[in-house]
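In case you want the letters, here they are:
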Amino acid sequence: MNSGQEQFLSFILERVKDDKVEEAKELLVENFKKLTEGNFTQDDIMLFLPKMIALLKPEKLEEVQYVVMQFAENFSHLLPNSKLG
């Protein structure tokens, strides 16, 4: 995991429901691994988003959505056939 991913992980984990931190961490690490290996697809994004949204504290959702979009734009070049935004 690179430093940007570690920062993103920390940011997200601070905003998930207290009893869902480990689940969120596993989900993020799994998807970071796919991203790093070049195996992260649009389908992965579509599966990831609803799972992650369910783990977030409701009052943090808007803040996280904004940061996730920034993160996605920064890493969109790593996605095959990327069409984000």
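Residues numbered from 1 in each chain as written. Predicted model: local features only at pLDDT ≥ 70, side-chain atom pairs only at ≥ 80, totals over all residues. Heavy atoms only, no water.

Draft legend 1. Quick peek at helix α1 (residues 3–13). Along α1, the residues classified as buried are Gln-5, Phe-8, Leu-9, Phe-11, Ile-12 and Leu-13. Its side-chain oxygen 3.0 Å from the backbone nitrogen of Gly-4, Asn-2 forms the N-cap of α1. (Buried < 20%, exposed > 50% of the residue type's maximum accessible area, 1.4 Å probe, protein only. Helix = DSSP H or I, 4+ residues; strand = E, 2+ residues; numbered from the N terminus. Polar contact = N/O pair within 3.5 Å; in protein donor to acceptor, adjacent residues only side chain to side chain.)

Draft legend 2. Local environment of the packing of aromatic side chains. By the definition in use, this model includes 1 aromatic pair. Both rings, one in Phe-8 and one in Phe-32, keep their centres 6.0 Å apart while their planes meet at 70°; by these two values the pair is edge-to-face. Here Phe-32 lies in helix α2 (residues 21–37) and Phe-8 lies in helix α1, a separation of 24 residues in the sequence. Assessed through its relative accessible area of 5%, Phe-32 is described here as buried. (Phe/Tyr/Trp six-rings, centres within 6.5 Å; stacked < 30°, edge-to-face > 60°.)

Draft legend 3. Main features of the confidence of the model for the protein. Confidence in the prediction for the protein averages 85 pLDDT; 84% of positions are at 70 or higher. The weakest mean pLDDT in the protein belongs to helix α4 (residues 61–75) at 79; the strongest belongs to α2 at 93. (pLDDT = per-residue confidence, 0-100.)

Draft legend 4. Examining the pattern of salt bridges more closely. Evaluated as defined, the whole model comprises 6 salt bridges. With a shortest N-O distance of 3.9 Å, Lys-57 and Asp-18 are connected by a salt bridge. Separated by 39 residues along the polypeptide, Lys-57 in the loop between α3 (42–55) and α4 and Asp-18 in the loop between α1 and α2 bring together distant segments of the chain. Asp-18 gets classed as exposed once you look at its relative accessible area, which sits at 66%. Here Lys-20 and Glu-23 are joined by a salt bridge, their closest N and O atoms 3.8 Å apart. Residues joined in a network through salt bridges with shared partners are Glu-14, Arg-15 and Glu-63. (Salt bridge = Lys/Arg side-chain N within 4 Å of Asp/Glu carboxyl O.)

Draft legend 5. Quick look at the nonpolar core. The biggest cluster of nonpolar side chains holds 16 residues, and the ones touching the most others in it are Ile-12, Val-16, Leu-28 and Met-52. Looking at this core, the elements that each hand over two or more residues are α1, α2, α3 and α4. At 5 residues, the largest contribution of residues to this core is made by α1. Dropping the residues within four chain positions of it, Met-52 is found in contact with Ile-12, Val-16, Ala-24, Leu-27 and Leu-28. (Core = buried A, V, L, I, M, F, W, Y, C linked by side-chain atoms within 4.5 Å. Contact = heavy atoms within 4.5 Å.)

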